Amino acid sequence: MRRLFPVVLIVIIAGSLGYWFYGRRPPQPPAAGIPRTLAEERAGRIKDLEYDLTLTVPAKRDAPIAAHLRATFTLSDKTRPLAFDFSQPVEKLLAMHANGNIIEPAVGSGHVVIPPSVLLEGKNNVVEFEFIAGDAPLNRADDFLYALFVPARASQAIPVFDQPDLKARWRLILNIPKDWVAVSNGKEVGRTNMPEHQGLVFDQTPPISTYLFSFAAGKFTIDTDQRAGRTFRMFHRETDAAKLARNRQAIYDLHAQAISYLEGYTGIPYPFDKFDFVLIPSFQFGGMEHPGSVFYNASGMLLDESATQNQFLGRASLISHETSHMWFGDLVTMKWFNDVWMKEVFANFMAAKIVNPSFPGVNHELRFLYQHYPSAYDVDRTEGANPIRQDLGNLNEAGSLYGAIIYQKAPIVMRQLELLLGANNFRDGLREYLGAHKFGNATWADLIRVLDERTDADLAAWSLAWVEDRGRPRITLAIDRASDGTRITLTQDDPLARSLVWPQRLSVAVAYADRVDLVDADLDRAKVIDIPPGRQVLWVLPTAKGLGYGDFVLDNGNLTAIAAALPRMADALTRGSALVTLWESMLEGRFEPARMRDVLTAALPAESDELNTSQLLEYTRTLFWRFTAADDRGDVAPKLEGLLKAGLDRAKTTSQKSAWFGTLRSVATTPETLGWLERLWRHDVKIPGLPFSETDEADLALDLAVRDVPAANAILDEQFTRFTNNDRKARFAFVRTAVSNDPAIRESFFESLKDVNNRRREAWVLDAARYLHHPLRAASSKKFVRDALGLVREIQQTGDIFFPKRWADATLSGYQSPQTAAEVRQIIEALPSDYPPRLKWVLLSSADQLFRAAKILHQ
Ligand SMILES: [Zn+2]
């Protein structure tokens, strides 16, 4: 009791001091990043937002970009301070005005806070910034740059309200060197000529989110064409005229087809006033959907002569995906990045529909299976499985949301939802949803509300298991053969013991001696299929039609029968479904790698569908490097290489030859095959019907070097002189260091990657990391694993959205030993308690194949 008085007094004094300081000094900035609380507070106060931005971009990549931004908006509640986001050192902010007052705002934690005294209640608040733009999200190269602001990196370059639900109309003036061109979301409507540079004026955009605002400028060639009355412009840096000519028609056609399909499906005309796209060398994503100015990775659009069917299909899907975003994501945007999956699921889901008519010879159900299931399982079978929809407290952690669960699992789930509602009902629901939120924002709950009115099913319960929670069901198949018939029982349970149920439509293939029947089954907790007596059931596959999703537990007899029957199954989709099921069974330890090798060896020569062949080849590659013990590879290699060479000889088209050759090159280890590859690279021999591009030759040179062929250094040196394209040459110069046969050079290369400035070209870094951690370099590179995984947290802060997961994947791609597995397990378990849980999931999913290989090969 005695101490009460002094303590109360101290509190009172401290409290009044705080009040005094608060009243005298500018308000304190919010926490770093974009906390959700900050975003909600601003979204409740700000509307009618416009930005007018002027940037003066010098030719030299490291010279500062002088900038001016004027934000105009309507504000309610001017009694509180207002924070802009600008994650740059304070000295980059040169001057600031708010409503005619010169102000000195509070700056810190990536925010610039304007005091209430200079804010206006209501319309016409004008805040102006004179500043030096931040470079990191502007991707400055020697003679071009491009802004990539997703998910909240705009504020690392310019001061804005960096959240998706404060959409703004943007006006942009870009002052650029006279021999540059530029593109942005709006149309170019004016141009000024100044002594030092030219000024390009872009039209005001409709309301768009900060992550969708973009521009690119530099030495690009502009290719133009028309389709259905619409003009498309393609900005590119390709120097190979033949390559451009070979590809350009298809690129324009695919865009026009996608727009036409989406206008029909959604009932909404293309929402933006022009359609340009930019092909960026070594772009860190496949594509990015900036409205009116889509970015693509150049290599995904301008295909080489040696492109495979999968690459042609991939290009069509990517164009359809980004074009779908114009409606799903750009016109109607998620309110917060926890719903980023919604734009990605619809982009992939629509792309799957759009691509079909352009490839009449392709089995699109089979393609859907391969495009989605293996990648989704690669995360969902792991300890790092994450829900489709995740809480997100701060946009600076949004990068860990991106991955196969959003891109591959969610479309599988959406297809089940479409089956549940019926295709027309589902489409009408989407139309209503898009119409209601045009140029605005919406949540998953908004969509579910619209769809719920169209079905008797309990969508909230459905969403809980499929969308809001993590993991996949375990579905156990039992075959009970008795004299009064055969009973097939499917039972579903939750491997994570939460009693979740994943309702889904299955197709069960039941094989008899003379035929295979497909039986539809709606699976809830359990399902029984009775086969009348007198029919002998040979095997049962519960994943037919590529439908069922989960860990399917099949008994050994059934697995053996499926494996034996696979090459002779008449239906390509059933073969594909069986293949994925066997592979997953192998990863679960129910089917030995040696038996899997027998399946692949028997199936490859018999396969007639190119998609199946590609997947068989993909599994062959993984089986060789990951699931064959390093000491056993020498025994397996001659037969495997012979099988692949025979396939290459047999292949009829360039695409098929390319797929076979790609796998052969990837697994080659015998002196005979390496000698032949070297002669190919030297142009001493050729593969009839398979032309090599500059990229193919470069990859071959790198693959020879990582195998330490005697002439490795001379090959790399000569390859460097062969390039005619400077972008490809620059990438090669970077990556070749990672394959050096000098361990000291590789070590200093790895050390250099600890500096963020050496990690800016993410696509180069990932290529290099895969070579650095190549299985043939595992012994000398495993010492990098600890530091490489240690960098993931920093990479999430400094890199683009896909980089943390891809970096972790590349780091762990080459290992299989129990020692490395144990070390990685220890690294993950020793993570500090404040380590972001989602990032830990990223590590656990990246480590999954290593953990499984170590267990399967050494149990
Ligand atoms: Zn997307």
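The structure under discussion appears in the preceding block.
Keep in mind that what you see is a predicted model, and the values were worked out from it rather than measured. (Residues numbered from 1 in each chain as written. Predicted model: local features only at pLDDT ≥ 70, side-chain atom pairs only at ≥ 80, totals over all residues. Heavy atoms only, no water.)

Q: I would appreciate a short explanation of the pairing of strand β1 (residues 46–56) in the present structure.
A: Two faces, one strand: in a regular strand the side chains alternate between the faces of the sheet. Relative to strand β2 (residues 66–75), β1 runs antiparallel, the two sharing nine bridges. Bridge pairing in β2 places Tyr51 opposite Ala71. Note: β1 against strand β10 (residues 169–176), seven bridges, orientation parallel. If you follow Leu55 over to β10, its bridge partner there is Leu174. (Pairing = 2+ DSSP bridges. Helix = DSSP H or I, 4+ residues; strand = E, 2+ residues; numbered from the N terminus.)

Q: What am I meant to see in the packing of helix α20 (residues 712–722) against helix α21 (residues 726–736) here?
A: Axes are the key here: two packed helices are described by the angle between their axes and the distance separating the axes. Look at α20 against α21: their axes get within 10 Å of each other, and the N-to-C directions meet at 160 degrees. When the axes of α20 and α21 are compared, the pair comes out roughly antiparallel. In the packing of α20 onto α21, the handedness of the crossing is left-handed. Residues Asn713, Leu716, Asp717, Gln719 and Phe720 of α20 form the contact with α21, whose own contacting residues are Lys729, Phe732, Ala733 and Arg736. Of the residues belonging to the contact of α20 with α21, the class tally is four nonpolar, two polar and three charged. (Axes fitted to C-alpha atoms, helices over the stretch in contact; angles between N-to-C directions. Parallel < 35°, antiparallel > 145°, perpendicular 65-115°, else oblique. Left-handed = near helix turned anticlockwise from the far one by under 90°. Contact = heavy atoms within 4.5 Å. Nonpolar A, V, L, I, M, F, W, Y, C, P; charged D, E, K, R; others polar.)

Q: Which parts of the structure should I look at to understand the packing of aromatic side chains?
A: Within a pair of aromatic rings, the relevant descriptors are the distance that separates the centres and the angle that separates the planes. For the structure on display, the rule yields 47 aromatic pairs. For the ring pair Phe86 and Phe131, a centre distance of 5.5 Å and an interplane angle of 75 degrees mean the geometry is edge-to-face. Here Phe86, found in the loop between β3 (82–85) and β4 (93–98), pairs with Phe131, found in strand β8 (residues 122–132); they are 45 residues apart in sequence, far enough to count as distant. An identical accessibility class is assigned to Phe86 and Phe131; each is buried. Judged by centre distance (4.7 Å) and plane angle (20 degrees), the rings of Phe750 and Phe784 are stacked. (Phe/Tyr/Trp six-rings, centres within 6.5 Å; stacked < 30°, edge-to-face > 60°. Buried < 20%, exposed > 50% of the residue type's maximum accessible area, 1.4 Å probe, protein only.)

Q: Is there a simple way to explain the coordination of the zinc ion in this structure?
A: Geometrically, a metal with four donors at the corners of a regular tetrahedron has ideal angles of 109.5 degrees, and one with six donors at the corners of a regular octahedron has ideal angles of 90 or 180 degrees. The zinc ion binds to the protein through His321 (NE2), His325 (NE2) and Glu344 (OE); the donor distances cover 2.0 to 2.1 Å. The sequence pattern formed by the donor residues of the zinc ion is H-x3-H-x18-E. Taken together, the residues His321 and His325, both in helix α5 (residues 309–325) and four residues apart, mark about one turn of the helix. Exposure remark for His321: the relative accessible area of 6% places this residue in the buried category. What makes His325 buried here is its relative accessible area of 0%. (Donors = N, O, S within 2.8 Å, 3.2 Å for Na, K, Ca; no water.)

Q: How should I be thinking about the pattern of salt bridges in this particular structure?
A: Here the idea is simple: oppositely charged side chains can pair when their charged atoms come close. Inspection of every chain in the model, using the stated rule, returns 72 salt bridges. Between Arg227 and Asp225 there is a salt bridge, with the nearest N and O atoms lying 3.5 Å from each other. When sorted by exposure, Arg227 lands in the same class as Asp225, which is buried. Measuring nitrogen to oxygen at the nearest pair gives 3.1 Å for the salt bridge that ties Arg427 to Asp428. Classification of Asp428 by relative accessible area gives partly exposed; the value is 29%. A network of salt bridges, in which partner residues are shared, links Asp378, Arg381, Arg472, Glu584, Glu588, Asp848 and Arg852. (Salt bridge = Lys/Arg side-chain N within 4 Å of Asp/Glu carboxyl O.)

Without other data, these values stay purely geometric and don't point to any function.
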